[in-house]
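# Close look at the chain arrangement
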Amino acid sequence: MVSLSNKRVLLGVTGGIAAYKSAEIIRRLQDSGATVRVVMTQAATEFITPLTLQALSGNPVHLDLLDPEAEAGMGHIELSRWADLILVAPATADFIAKLASGEADNLLQAICLASRSLLALAPAMNQGMWRNAATQQNIELLRTRGVHLFGPAEGEQACGDVGPGRMSEPDDIVELAAELFESGVLNNRTVVITAGPTREAIDPVRFISNHSSGKMGYALAEAAAEAGAETVLISGPVGLQAPDRVKLVKIISAQEMYETSLNEAQKCDLFIASAAVADYRPISVAAQKIKKSADTLAIELLKNPDIVSAVAKLEKRPFTVGFAAETQDIERHARDKLERKNLDMVIANDVSDSAIGFDSDDNAVLVVDPTGSETIPRTHKSILARQLIAKIAGLL
Ligand code: PMT
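All of these numbers come straight from a predicted model, not from anything done at the bench. (Residues numbered from 1 in each chain as written. Predicted model: local features only at pLDDT ≥ 70, side-chain atom pairs only at ≥ 80, totals over all residues. Heavy atoms only, no water.)

## A word on the pattern of salt bridges
Pairs can form between side chains of opposite charge whenever their charged atoms are close. Under the definition given, this model contains 26 salt bridges. Between K267 and E264 there is a salt bridge; the shortest N-O distance is 3.8 Å. Residue K267 is classed as exposed on the basis of its relative accessible area of 52%. Given the relative accessible area of 9%, E264 is considered buried. A salt bridge links D362 to R378, with the shortest nitrogen-to-oxygen separation between them at 2.8 Å. Highlighted residues: D362 in strand β18 (residues 362-369) and R378 in strand β19 (residues 372-380), separated in sequence by 16 residues. On the basis of relative accessible area, D362 is assigned to the buried category, the value being 8%. Under the relative-accessibility criterion, R378 is labelled partly exposed at 36%. Residues joined in a network through salt bridges with shared partners are K7, R8, D84, E222, E226 and R386. (Salt bridge = Lys/Arg side-chain N within 4 Å of Asp/Glu carboxyl O. Buried < 20%, exposed > 50% of the residue type's maximum accessible area, 1.4 Å probe, protein only. Helix = DSSP H or I, 4+ residues; strand = E, 2+ residues; numbered from the N terminus.)

Have a look at this one:
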């Protein structure tokens, strides 16, 4: 059984007779674990009703680029950021031609143009239209731009012709969609990732912590596992489920994260420190709940060990990647951390922006290494994680 667990798939439906099969595609995607949202072109609604696809997907169907109400809800830019994969099935010759020429005069075209997600098309058209040199040139152009083509299949067509142009079967389309996430770039590698906050106890009921949700680290773990790595996720207390195929080690304090990390890092090829580790902990933890009495309370703090620096000092050291949570002068501080902690790469994010960084679904980063820096603009953390894993895998 193919897995699209935790994947967000935006299914684009364009106006061809194969549009009736989109209902089946939604079902198969959901059976594989994906969450599905649907965008239809006007022509597609002539072949299957939005109500059918809304009922099956469990989400409102998006139709119109210029609908103020829909744009105020989940607008075209948000949809383009939301999707891990945009799958257009069926993709007509007209849609393919417009996509190749970069047009954006309907919602689906605009989303495809704005998105940095994976994009796959399941072409469906008459065999003459498919064979036409214009269509073939458009297909070639889209391929060179990284668009994935699922099919078309050959056989008898709705118009009575026989040849290439039938849309591939829903099961095949969903299988190919799942394969897109399995890059294999980290096959035979072991990756250790720290995620989430740590909690530093003050007394039996109170602690010092921070706002990390673990979303960035969990997305990295999922991307590493998809890339074929044996993945260990060392996580502070968060409300997330561990991704499939990932070994989860739960810890509470920085000291516990330190000990587990050093143990696991001896055996790994790549260590990524995305956790927001508390820099200090109370020197002593009160055995009983501290009673409220005086107007002020002083708690003496002791510096916690720096986990990522300790990993970078190991004799048999993995490729070591740190994060940098900054609020200003991002590149300067990131480069300083790269050198001071002796890291191979630092991924810096601006945590003063509430739309990215701590506890948000999106992030935007500056990747700094000894050779230079690269900005990765705002996108969903799962998409960003895949981009980061691909980049790191290329350097391993
Ligand atoms: O969890 P989310 O809500 O998704 O938010 C993601 C994030 C903002 C937490 C994440 O993207 C991030 O920036 N993580 C690093 C947070 C941090 O502690 O940054 P820092 O600049 O203080 O630390 C630099 C590096 O040293 C980090 O890799 C950190 O994990 C590591 N460190 C810090 C202290 C310590 N004692 N040991 C460490 O290993």
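## Description of unusual backbone geometry
Looking along the chain, the bond that leaves A89 and enters P90 is cis, with omega of 0 degrees. Within the secondary structure, P90 is located in strand β3 (residues 85-91). A positive phi angle is found at R245, which is not glycine, with a value near 65 degrees. Tracing the sequence through the fold places R245 in the loop between β11 (230-235) and β12 (246-250). On the basis of relative accessibility, which here comes to 54%, the residue R245 falls in the exposed class.

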